There are 2 protein chains.
Amino acid sequence: MSTAYDPIAATCPVPHAEGERVLLGHGSGGQLMAELLADLTPRLGARATEDAAVVVTGAPEVVMSTDGFVVTPRFFPGGDIGSLAVHGTVNDLAMMGAVPVALSLAYIVEEGLPLEELRRVTTSVAEAARGCDVRVVTGDTKVVGRGAADGLYLTTTGIGIRLPGAAPAAANGRPGDAVLLSGPIGLHGVTILSTREGLGFESELTSDSRPLHRLVAAMITAGRCGVHVMRDPTRGGLASALNELAAASEVGVELEESAVPVPAQVAAACDLLGLDPLHVANEGCLVAFVDPARAGEVLAAMRELPEGAGAERIGTVVPDHPGRVVMRTLVGSRRVVDMLVGEQLPRIC
Amino acid sequence: MSTAYDPIAATCPVPHAEGERVLLGHGSGGQLMAELLADLTPRLGARATEDAAVVVTGAPEVVMSTDGFVVTPRFFPGGDIGSLAVHGTVNDLAMMGAVPVALSLAYIVEEGLPLEELRRVTTSVAEAARGCDVRVVTGDTKVVGRGAADGLYLTTTGIGIRLPGAAPAAANGRPGDAVLLSGPIGLHGVTILSTREGLGFESELTSDSRPLHRLVAAMITAGRCGVHVMRDPTRGGLASALNELAAASEVGVELEESAVPVPAQVAAACDLLGLDPLHVANEGCLVAFVDPARAGEVLAAMRELPEGAGAERIGTVVPDHPGRVVMRTLVGSRRVVDMLVGEQLPRIC
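Predicted, not measured: the structure shown is a model, and the values here were computed from it.

Right, let's talk about the sheet that holds strand β5 (residues 98-110) of chain B for a bit. Residue and element names in this part refer to chain B. Spatially, 5 strands are ordered β1-β2-β7-β5-β6 in an open sheet, and the strand pairing comes out mixed. The sheet is open, and its two edges are formed by β1 (53-56) and β6 (135-144), each paired on a single side. Strand-to-strand, the axes of this sheet are offset by a mean angle of 25°, without reference to chain direction. Pairing of strand β2 (residues 62-69) with strand β7 (residues 152-162) involves 8 bridges; the strand directions are antiparallel. Bridge pairing in β7 places V62 opposite I161. Strands β2, β5 and β7 of the sheet are contacted by helix α2 (residues 81-94), whose axis makes an angle of about 145° with β2.

Attention now moves to the environment of A:E110. Structurally, A:E110 can be placed in strand β5 (residues 98-110). Residue A:E110 is classed as buried on the basis of its relative accessible area of 16%. Sequence spacing of A:E110 and A:L44 is 66 residues, and the spatial spacing of their C-alpha atoms is 30 Å. In contact with A:E110, not counting residues within four places along its chain, are A:V144, A:G145, A:R146, A:G147, A:A148, A:A149, A:D150, A:G151 and B:V22. At 2.7 Å, the side chain of A:E110 and the backbone nitrogen of A:G147 are in polar contact.

Taken residue by residue, the interface counts 72 residues in chain A and 72 residues in chain B. Interface area for chain A against chain B, summed over the two sides, is near 6000 Å², with a carbon-plus-sulfur share of 65%. Per-residue buried area on chain A facing chain B is highest for A:V22, A:L44 and A:L115; these three make up 11% of the total on that side. Between chain A and chain B we count 8 salt bridges in total. The partner of A:R119 in a salt bridge is B:E20, with the nearest N and O atoms 3.1 Å apart. The tally of links between chain A and chain B comes to 28 residue pairs in polar contact (both at pLDDT 80 or more). Contributing elements (two or more residues each) for the side of chain A that touches chain B: α1 (31-40), β1 (53-56), β2 (62-69), β5, α3 (115-131), β6 (135-144) and β7 (152-162) of chain A. Of the residues contributing to the side of chain A that touches chain B, the split by class is 38 nonpolar, 18 polar and 16 charged.

What follows covers the state of the cysteines. Residues and elements named next belong to chain A. The final tally for this structure, using the stated rule, is 0 disulfides over all chains. Of all cysteine sulfurs, the one in C285 lies closest to C270, which takes part in no disulfide; the gap is 13 Å. The buried category is assigned to C270, whose relative accessible area is 2%.

Let us look at the packing of helix α5 (residues 213-223) of chain A against helix α8 (residues 292-303) of chain A. Residue and element names in this part refer to chain A. Direction vectors running N to C along α5 and α8 enclose 150°, while the axes themselves pass 8 Å from each other. On the basis of their axis angle, the class for α5 and α8 is roughly antiparallel. Judged by the sense of rotation from one axis to the other, the crossing of α5 with α8 is right-handed. Of the residues in α8, those in contact with L215, A218, M219, A222 and G223 of α5 are R294, E297, V298, A301 and M302. A breakdown of the residues in the contact of α5 with α8 according to their chemical character gives 7 nonpolar, 1 polar and 2 charged.

Now for the side chain of B:H228. All names here are of chain B. Topologically, H228 is positioned in strand β9 (residues 227-231). A distance of 2.7 Å separates a polar atom in the side chain of H228 from a polar atom in the side chain of D177. Ignoring any residue separated from it by four or fewer positions in sequence, one finds H228 in contact with P168, A169, N172, G173, R174, D177, F289 and D291.

Criteria and thresholds
- Residues numbered from 1 in each chain as written.
- Chains lettered and ligands numbered in written order.
- Predicted model: local features only at pLDDT ≥ 70, side-chain atom pairs only at ≥ 80, totals over all residues.
- Heavy atoms only, no water.
- Pairing = 2+ DSSP bridges.
- Helix = DSSP H or I, 4+ residues; strand = E, 2+ residues; numbered from the N terminus.
- Axes fitted to C-alpha atoms, helices over the stretch in contact; angles between N-to-C directions.
- Contact = heavy atoms within 4.5 Å.
- Buried < 20%, exposed > 50% of the residue type's maximum accessible area, 1.4 Å probe, protein only.
- Polar contact = N/O pair within 3.5 Å; in protein donor to acceptor, adjacent residues only side chain to side chain.
- Buried area = accessible area lost by both parts, 1.4 Å probe.
- Salt bridge = Lys/Arg side-chain N within 4 Å of Asp/Glu carboxyl O.
- Nonpolar A, V, L, I, M, F, W, Y, C, P; charged D, E, K, R; others polar.
- Disulfide = S-S within 2.5 Å.
- Parallel < 35°, antiparallel > 145°, perpendicular 65-115°, else oblique.
- Left-handed = near helix turned anticlockwise from the far one by under 90°.

Following this line, the structure appears as structure tokens:
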């Protein structure tokens with residue numbers, strides 16, 4: 001795409017050097033976070049292109065993923081911090097083509113938290129784990145004084161076994177691939193925000209928090225090696241996920257605005273709040289780059305499962321403008337879809 | 001042991017029902033914590049006798065462990081929150097007879113933390129991991145607002161591969177086993193307390209934080225199946241660890257006070273502060289129950305490594321008073337060694 005105006009160069013300056021302190025935006029899943037990870041991960045001798053990693057190669061391949069959860073409120077329509085943690089970790093494993101086999105659970109509890117709440121979250125973790133056919137095998141509990149945490153934080157780590165032949169990776173996208181989305185976007189983020197702030201939308205909204213490993217297994221069965229890339233667009237939303245994937249695969253992505261499913265309540269809430277639904281977090285959908293020859297079968301297989309019932313082809317991977325995501329809007333113009341810069345909705349997961 | 005006075009029955013009542021809220025003592029590694037775990041873990045369909053769990057059985061056996069770290073101060077003589085986290089998780093794997101292969105790292109950061117501090121901790125994690133021959137394979141960073149955490153919390157999860165033939169477990173202790181301790185106790189807890197409170201001991205004290213997997217490998221090579229039980233006495237100290245092991249194995253433990261190595265500075269600090277060195281946390285020593293026929297060889301093998309140079313036989317596993325730990329004191333009397341009740345030193349790890 002050749003144009004005199006470069007929207008990437010024109011984005012707001014990122015306040016990265018401001019006293020060199022951690023900002024809320026460093027946890028956003030967007031551009032600030034990418035910069036922080038680019039700073040920290042080389043110190044660990046690691047790269048940060050995936051949310052999970054292969055630990056043991058050979059057969060079977062063992063995959064590992066970890067996630068901290070600090071969501072507020074801890075209970076919301078469609079889930080709570082416990083079920084969210086299980087689904088989030090199971091999904092990060094699933095995005096590597098892995099079936100979850102074991103979870104660990106580490107609590108950081110603020111002194112004074114009602115014990116009943118800890119019991120309720122623990123029960124929710126157990127139920128969500130059962131629903132994913134995964135065992136919670138080990139755990140840890142730390143208690144900090146009043147004011148040193150906000151109630152309860154939770155870190156889950158998952159181990160999974162890769163499905164035979166499955167090797168989706170952020171860098172595997174190829175020009176021509178179909179961009180598939182498993183369902184409507186924006187529900188988790190808007191639900192959390194509305195519940196937290198008492199905006200009044202919460203009665204109509206429910207988080208999409210749910211496990212995606214069965215959907216992934218169905219997609220891989222239908223698409224085989226044709227499923228090149230999978231990602232769950234959580235923090236930073238669909239826009240940030242696609243930008244990360246486009247950068248990792250060194251390809252461009254072209255989206256059709258008319259094909260991206262945004263529920264009416266999400267659109268209404270975002271309109272009112274000045275949010276872009278493409279930047280709002282999801283916890284129960286995935287985006288995939290799939291060989292065009294296999295895309296039809298994969299889409300059909302997705303739609304057979306409840307978590308993929310609303311699946312759509314929303315765009316195409318292109319050789320032009322590598323690293324950039326461009327959307328053809330409803331009125332036919334084209335706009336660059338940026339990563340989230342800074343923080344839109346803190347403590348969403 | 002038959003006596004009219006029952007010191008167990010005479011311990012202070014545990015304030016468990018006080019408003020049914022989480023207390024600092026619930027994170028102590030002592031009796032309150034044991035009660036909390038007995039409440040929560042059945043909800044997860046799990047038991048809580050080990051700090052790690054076998055995930056994949058067969059060959060090789062995969063072991064998993066997780067730990068949250070909330071230590072304050074984050075930097076102390078002998079280590080920092082990053083190296084402590086790596087050593088703590090490596091040691092929990094080692095206590096199952098496993099060699100660590102991969103770690104995950106999840107940060108919960110308070111907005112406003114100097115970025116330089118996050119870099120320093122990350123570098124420390126990397127160096128400690130290199131020192132343990134283990135890779136940090138995946139991670140996560142969440143940022144919470146000011147006042148919603150105390151700077152930085154860190155959860156590490158480790159995966160290890162069990163050494164062939166190694167199956168130490170808390171329930172495997174047998175009457176007659178020698179009780180071996182790898183080195184002096186109390187250094188970590190007293191160092192943290194002194195550094196935090198500026199008590200003036202900190203110039204002479206250094207945390208014992210260090211990895212123990214090489215020591216474990218040497219012990220298993222020397223002792224084979226004769227190494228029945230291993231445990232690193234962290235939160236709750238040696239007393240709580242031995243009580244847990246005695247209960248899990250349904251045996252008694254008899255300690256010789258004269259054989260328990262308490263460094264002079266630890267003894268002096270504990271004296272002044274009214275602490276029992278047996279209840280103070282350690283991060284670089286282990287206690288083991290070993291077949292008496294193998295104990296001599298195991299002890300010799302331990303003493304050949306720097307981390308086992310101060311190893312001692314401190315007691316014997318006995319068939320009497322199952323679940324209780326009794327110490328023969330320097331003056332020849334006997335006293336029951338209880339678990340820590342409530343909290344002695346919060347945020348020690």
